[in-house]
Amino acid sequence: TAIAAEPSTGLVAAVHGKGMKFFAWMLNLRGGAGVKEYLKTRPDHAQQLGPMDRLLIGMPRISADRLNINTGEWLCPDRGLLDVELRQIEEFLVKLKVDGIALDYVGYRNYYACFCPHSGKEREKYAKAHPELAAGQVLWKYSEASLAKYVQQVRDAANAVKPGAELAIHVYPDFD
């Protein structure tokens, strides 16, 4: 009853012509439409790996079908929804008339956290607000809360542009 794919006006119209819904496939954190150009001017908004992560690049994982560290430059979700992403959502929902957004690759290149200066400062604030948590728990809980907040911001932005817009998300079992 629905298709999620990269949107084009012809494809959206064809899907709607069959009485189905069309969800715009959004790979924004992983460098989707407009993001690569954006990162050329704002490289500080890209996810950064931790020192141990650099050692794992190219090393095999337990599940051979997954990379240990995802490649390319990804936006840092800890910054929240950016204007470049909001413009993409608006284009999909208004100009291309899709029924909703299908989020994909919402997570971290290393599957657990970003180590850019912004994320580090935000984790420090989180740790101070949660003194009962050990350092490893702060890292995990902050990342989880940050991703949930990011998805909520996408949902709110989509519904502000087009009330009733639907949101689908591909959940990866190995995004720790």
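**Things to note about the side chain of Arg 123**
Alright, step 1. On the secondary structure map, Arg 123 appears in helix α5 (residues 117-129).
Alright, step 2. This buried residue, Arg 123, is left without a salt bridge; Asp 78 holds the nearest opposite charge, at 4.5 Å.
Alright, step 3. In contact with Arg 123, not counting residues within four places along its chain, are Asp 78, Ala 113, Cys 114, Phe 115, Val 138, Leu 139 and Tyr 142.

**Quick look at the pairing of strand β1 (residues 2-5)**
On any regular strand, side chains alternate: one points to one face of the sheet, the next to the other face.
Alright, step 1. Sheet analysis places β1 next to strand β2 (residues 21-26), joined by four bridges and oriented parallel. Pairing of Ala 4 across the sheet is with Phe 23, part of β2.
Alright, step 2. Handedness of the β1-helix α1 (residues 9-17)-β2 crossover: right-handed.

**Looking at the pattern of salt bridges**
Alright, step 1. All told, the structure shown has five salt bridges when counted by the stated rule.
Alright, step 2. Between Glu 37 and Lys 40 there is a salt bridge, with the nearest N and O atoms lying 3.0 Å from each other. On the criterion of helical spacing, the pair formed by Glu 37 and Lys 40 is a turn pair, its members being three residues apart in helix α2 (residues 35-41). Note on accessibility: Glu 37 and Lys 40 belong to one class, exposed.
Alright, step 3. In this structure, the salt-bridge partner of Asp 156 is Arg 155, at a minimum N-O distance of 3.1 Å.

Rules of the game
Along each chain, residues carry numbers from 1 onward, in the same order as the chain's sequence is written. Only residues with pLDDT of 70 or above have their local features reported here, since the model is predicted, and side-chain atom pairs are shown and tallied only from 80 upward, although totals for entire chains, interfaces and linings are computed over all residues. As a rule here, side-chain values cover all heavy atoms of the structure and leave hydrogens and water aside. We count a stretch as a helix when DSSP gives it H or I for four or more residues in a row; a strand needs E for two or more, and each element gets its number in order from the N terminus. Under the scheme applied here, a residue whose accessible area is under 20% of the maximum for its type counts as buried, over 50% as exposed, and between as partly exposed, the area being computed with a 1.4 Å probe on protein chains only. His is not counted here, nor are the chain ends, while Lys and Arg score as positive and Asp and Glu score as negative. For this document, the term salt bridge refers to a Lys or Arg side-chain nitrogen within 4 Å of an Asp or Glu carboxyl oxygen. Any two residues having at least one pair of non-hydrogen atoms within 4.5 Å are treated as being in contact. By the convention used here, strands pair only if DSSP detects at least 2 bridges between them. Handedness is read with the strands pointing away from the viewer; a crossover is right-handed when the path from the first strand over the helix to the second is clockwise.

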